[in-house]
Amino acid sequence: MELKKRDISVDIIKFFAVFLIINSHADICYPKYSFLATGGAIGDCLFLFVSGYSLFLGEMKRFDNYYKRRISRIYPSAFATILVMLIFNGGFCNLLDIIILGGGRPFLNAIMIYYIILWFVRKYFVYKIHYAFIIVIFSVLVAYWFYPYKYETGERGLYGVTTIFRWIPYFGVMLLGAYIGVIRERLKFNIRFDMLKLVVCFIAFYGIQFFAREFKSVAPYQVVTIPFLYGIVYYAYKCCNANMFRRIYENYYANWVILVVGGLSLESYLIQGCVITDKWNNIFPFNLFFIAIAVLILSYVVRCIARLFGQTFRTEDYEWKKVFSLK
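Keep in mind that this is a model prediction, so the values were computed, not measured.

Now for empty space enclosed by the protein. Overall, the coordinates contain two cavities of 30 Å³ or more when judged by the stated rule. Considered as a void within the structure, the largest cavity measures approximately 70 Å³ in volume. Lining the largest cavity are Ile-21, Asp-44, Phe-47, Leu-48, Phe-107, Leu-108, Ile-111, Ser-265, Leu-266 and Tyr-269. Its residues assigned to classes, the lining of the largest cavity comprises eight nonpolar, one polar and one charged. There is about 40 Å³ of room inside the second largest cavity. Along the walls of the second largest cavity sit Ala-17, Val-18, Ile-21, Phe-47, Ser-265, Ser-268, Tyr-269 and Gln-272, which together make up its complete lining. Those elements giving two or more residues to the lining of the second largest cavity turn out to be helix 1 (8–24) and helix 13 (265–271).

As structure tokens, this is what we get:
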């Protein structure tokens, strides 16, 4: 994402999102502390926030060209993931499963649907309806739709289900990112108050879920946490604009790490299921470090293959530097 003045918070958010999502799927890597394998909902929302934010910064394109760009970014990585998983795990993957489920990751279905809706939102409503109002209405609809029914029982609840109902609140986060992308120049930042609000939202988000474990079904009570989840994402964005993070970002080596890791956010989400294992639990907690490194290395391989796929189906010559570029 190129801007006249680069918004460093977007790169930093993607960096954190990668490790939050890896950690949330690494429950088998915690011998006695599996409750620490959390942060997936926050990581997913940070990723969706950045996606919505970035989509509203570029030029408004015709829908077919706009959607083609989304497909060309997502599905080469999905195909590359399947290839790498076949090499490492063996087995056979159905082509239809790759196309529809995005390489075995059903959540990609939701992202591709979000892209369609956001194009129409931007074209017809960007100057007519305040995005904050849309987000509020969306949250109310989620609460109304989800609460009366027990779609999921047990500890996983709303943020652990794989049904379409999980997609609904996450779309509001993408809308939030789109809205912030539109009004970013009018935002005011106060790191102390923003950090305090971030902490309050974080405590409320996990606190409500902690006490909800006393009940048979967690999901209805998790509906109440949705506004706090949005708050975590919003105030995380604001806090990442702080001078502390700016100084870190401006360091050559830190900048390189942030951009490389953040650039692998999609691929790391797709491939981590192939890497996470409990075979290294005897060296806990160092196993978590090695697994994260392994995920990032394999994510880089996936992205290189995806770029190779993308260039193969174009008429231009291969650009090998771009294929193997770390950024």
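To continue, consider the environment of Ile-297. Position of Ile-297 relative to the elements: it lies in helix 14 (residues 286–312). Classification of Ile-297 by relative accessible area gives exposed; the value is 52%. When the C-alpha positions of Ile-297 and Val-261 are compared, they lie 9.9 Å apart, and in sequence the two are 36 residues distant.

Right, let's talk about the state of the cysteines for a bit. Throughout this description, disulfide means a covalent bond between two cysteine sulfur atoms. In total, this model carries zero disulfides according to the counting rule given. We note that Cys-240 lacks a disulfide partner, and the nearest cysteine sulfur, in Cys-239, lies 7.1 Å from it.

Rules used throughout
Each chain carries its own residue numbering, running from 1 in the direction its sequence is written. Per-residue local features are limited, in this predicted model, to residues with pLDDT of at least 70; the limit for side-chain atom pairs, both in listing and counting, is 80 or more; totals at the level of whole chains, interfaces and linings are taken over all residues. Heavy atoms throughout the structure, all of them, feed into the side-chain values; hydrogens and water do not. Put simply, the grid is 1 Å and covers the protein atoms alone, a cavity is a trapped set of points that fit a 1.4 Å probe, a pocket is an open set with protein on both sides within 12 Å along at least five of seven lines, and lining residues have an atom within 4 Å of a point. Grid points are joined across faces, edges and corners, and a volume is the space filled by probe spheres set on the points. Residue polarity follows a fixed list, in which Ala, Val, Leu, Ile, Met, Phe, Trp, Tyr, Cys and Pro are nonpolar, Asp, Glu, Lys and Arg are charged, and the others, Gly among them, are polar. Only DSSP runs of H or I covering at least 4 residues are called helices, and only runs of E covering at least 2 are called strands; the numbering of each starts at the N terminus. Burial status follows relative accessibility: with a 1.4 Å probe on protein chains alone, a residue under 20% of its type maximum counts as buried, one over 50% as exposed, and anything between as partly exposed. A pair of sulfur atoms, both from cysteines and within 2.5 Å, is called a disulfide here.

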